[in-house]
Amino acid sequence: MPSPEPALRFGVHSGQQYETYDALLTLWRRAEDLGYDWCSLFDHLRPPMGGPDGPCFEGTTLLSALTAQTGRIRGALMVAPVAWRHPAMLAALAATIDHVGAGRVEIGIGVGGADLAHEQYGIAQPDRAERLEMLEETAAVLRGLWSGEEFSYAGKHFRITRGHLRPAPVQPRLPLVVGGASPPVLRVVARHGDVWNSLLTDPDRYRRRVEQLDRECARAGRDRAEIRVSMTFRALLVDDPAELPGRLDRLRAVFPPDSPVWPEYLVFGTPEQCVEALLPYRELGVTDFVLGARPPVDWDSVTLFAERVIPHLRPASTPA
């Protein structure tokens, strides 16, 4: 069985917009060697980033392969749009991958967003209000089927009649990640989630989100301490500040000024500046810091974060 979770975790969000499987496996194994706690994929079929013909592996099968070929690091799917699959199918996929990875999988769900698959493949996307309903129902079905017990459910969108899922996941409570930051999503987090994940925003706005989650947990009768708080961000790190202009120029050559990646950057600077930028979020209760490292992989930043950022934050994560 996996060892107890540390108070703080550090991960790499690799995504899967790569041309080869070996490139992804190299990143996951390197992250494991560097001491990261987890790596994660997303669940897009045709993500807008990369253009209409960009590469993108399928998330669940890739997660199974990568967890099979790593030994310690946890693997996560962040996050599965609830309209992609019936929740019983997602429950079975997750349980299977949890066995492949010997209890190292975490599965995320969310309402879903922009994906060129809706246009290219003709996959229907219900409106947001309907997807929010499906989010609540999906979480309930996953929890019920992962229990290993007979489970029935009658919702507006999904129905389970004396359902069974065997074998159940290896983990007695397979961690359910819920992604998003709107009040309806936070209600689902409070009722069902083990991990709440959202993207970087400024500390004041993040504080308001955390306070909203606190209120939703109180309404749900849930101990807020049971929920890990996960934030995904990017960082361009340099050992020598003199390197920064050249590194930024290379980044601008990859991402145009209007690219959605730019707001995800926490810092452009040294590891010490990154530590200072992350401390307010640690004080706000973030427990899982997830460094975005989609291609082209910035190996310098991935390495500097592991070697010179994590050690300055990790001591406070050591259980008493």
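This one's a predicted model, so the numbers in the text were calculated from it and none came from an experiment.

Enquirer: Residue-level account of the overall build of the protein chain, with values.
Expert: Of regular secondary structure, the protein chain possesses 10 helices and 11 strands. A compact globule built from 320 residues would reach a C-alpha radius of gyration of about 20 Å, and the protein chain, at 19 Å, matches this within 12%. Dimensions along the principal axes, computed over C-alpha positions, put the protein chain at roughly 65 × 50 × 35 Å. Looking at the protein chain as a whole, 54% of its 320 residues qualify as buried.

Enquirer: Please set out unusual backbone geometry residue by residue, giving values where relevant.
Expert: Residues Arg166 and Pro167 are joined by a peptide bond in cis, for which omega reads -5°. By the element assignment, Pro167 lies in the loop between strand 6 (159-163) and strand 7 (176-179). The phi dihedral of Ala102 is positive, around 55°, even though this residue is not glycine. The topology assignment puts Ala102 in the loop between helix 3 (87-100) and strand 4 (105-110). If you check the backbone angles, Arg162 has positive phi at about 50° while not being a glycine.

Enquirer: Outline helix 2 (residues 59-68), supporting the account with residue identities and numerical values.
Expert: The element helix 2 is extensively covered by neighbouring structure, given that 7 of its 10 residues are classed as buried. For helix 2, the complete set of buried residues consists of Gly59, Thr60, Leu62, Leu63, Ser64, Leu66 and Thr67.

Enquirer: So what's going on with the nonpolar core? Residues and values would help.
Expert: One finds Tyr36, Leu278 and Phe305 to be the most contacted residues of the largest nonpolar core, which totals 80 residues. Broken down by element, the residue count for this core peaks at 8 residues, all from helix 5 (residues 128-146). Listed in part, the 9 residues of the second largest apolar core include Leu236, Leu244, Leu251 and Val261.

Enquirer: I'd like to hear about the packing of aromatic side chains, residue by residue, with values.
Expert: Within a pair of aromatic rings, the relevant descriptors are the distance that separates the centres and the angle that separates the planes. Under the counting rule described, the total for this entry stands at 10 aromatic pairs. Relative to Tyr153, the ring of Phe151 has its centre 6.2 Å away and its plane inclined at 20°; by these criteria the two rings are stacked. Grouping aromatic residues by their ring pairs yields a cluster made of Phe10, Tyr36, Phe233, Phe289 and Phe305.

Enquirer: Please give an account of the side chain of Asp115 that cites residues and values.
Expert: The residue Asp115 is located in the loop between strand 4 and helix 4 (117-120) in this model. A polar contact of 2.8 Å, which involves the side chain of Asp115, links it to the side chain of His44. Contact partners of Asp115, with chain neighbours within four places excluded, come to His44, Leu45, Arg46, Pro47, Pro48 and Trp84.

Enquirer: Lay out the packing of helix 5 against helix 6 (residues 183-192) with the relevant residues and their values.
Expert: Running from N to C, helix 5 and helix 6 point in directions that differ by 5°, and their axes come no closer than 10 Å. In terms of their interaxial angle, helix 5 and helix 6 are classed as roughly parallel. Here Arg128, Leu132, Leu135, Glu136, Ala139, Ala140 and Arg143 of helix 5 come into contact with helix 6, specifically with Pro184, Val185, Val188, Arg191 and His192. Within the contact of helix 5 with helix 6, the residues separate by chemical class into 7 nonpolar, 1 polar and 4 charged.

Enquirer: Help me get a handle on the layout of surface pockets, residues and values and all.
Expert: Reported here for the largest pocket is a volume of approximately 1100 Å³. Lining the largest pocket are 35 residues, with His44, Gly113, Leu199, Glu264 and Arg294 positioned closest to its centre. Elements with a contribution of two residues or more to the lining of the largest pocket: strand 3 (74-81), strand 8 (195-199) and strand 9 (228-237). Residues belonging to the lining of the largest pocket are distributed by class as follows: 16 nonpolar, 13 polar and 6 charged.

Cut-offs applied
Sequence order as written defines residue numbering, which begins from 1 separately in each chain. With pLDDT at 70 or above as the cut-off, local features in this predicted model cover only qualifying residues; side-chain atom pairs require 80 or more to be listed or tallied, and sums for whole chains, interfaces and linings still use all residues. Remark: hydrogens and water are excluded; side-chain values derive from all non-hydrogen atoms of the structure. Runs of H or I in DSSP of at least four residues are treated as helices and runs of E of at least two as strands, each being numbered from the N terminus. For the radius of gyration, the atom set is restricted to C-alpha positions; the globular benchmark scales as 2.2 Å times the number of residues to the power 0.38. Remark: exposure states derive from per-residue accessible area (1.4 Å probe, protein chains only) relative to the maximum for the residue type, with buried under 20%, exposed over 50%, and partly exposed in between. Each nonpolar core is a collection of buried residues, namely Ala, Val, Leu, Ile, Met, Phe, Trp, Tyr and Cys, held together in the definition by side-chain atoms within 4.5 Å. Each Phe, Tyr or Trp ring, with Trp reduced to its six-membered ring, pairs with another whose centre is within 6.5 Å; inter-plane angles below 30 degrees give stacked pairs, above 60 give edge-to-face pairs, and intermediate values give tilted ones. Think of a polar contact as two N or O atoms within 3.5 Å of one another; within protein, one of them needs to be a possible hydrogen donor and the other a possible acceptor, and neighboring residues in sequence only count if both atoms come from side chains. In what follows, a contact means two residues having at least one pair of non-hydrogen atoms within 4.5 Å. Inter-axis angles, ranging from 0 to 180 degrees, are taken between N-to-C directions of lines fitted to C-alpha atoms, where helices are fitted over the stretch in contact. Note on terminology: angles under 35 degrees are roughly parallel, angles over 145 are roughly antiparallel, angles of 65 to 115 are roughly perpendicular, and the others are oblique. Throughout, the ten residues Ala, Val, Leu, Ile, Met, Phe, Trp, Tyr, Cys and Pro are labelled nonpolar, Asp, Glu, Lys and Arg are labelled charged, and all others, Gly among them, are labelled polar. A 1.4 Å probe that fits but cannot get out identifies a cavity on a 1 Å grid over protein atoms alone, an open set with protein on both sides within 12 Å along at least five of seven lines counts as a pocket, and a residue lines either if it has an atom within 4 Å of a point. Grid points are joined across faces, edges and corners, and a volume is the space filled by probe spheres set on the points.

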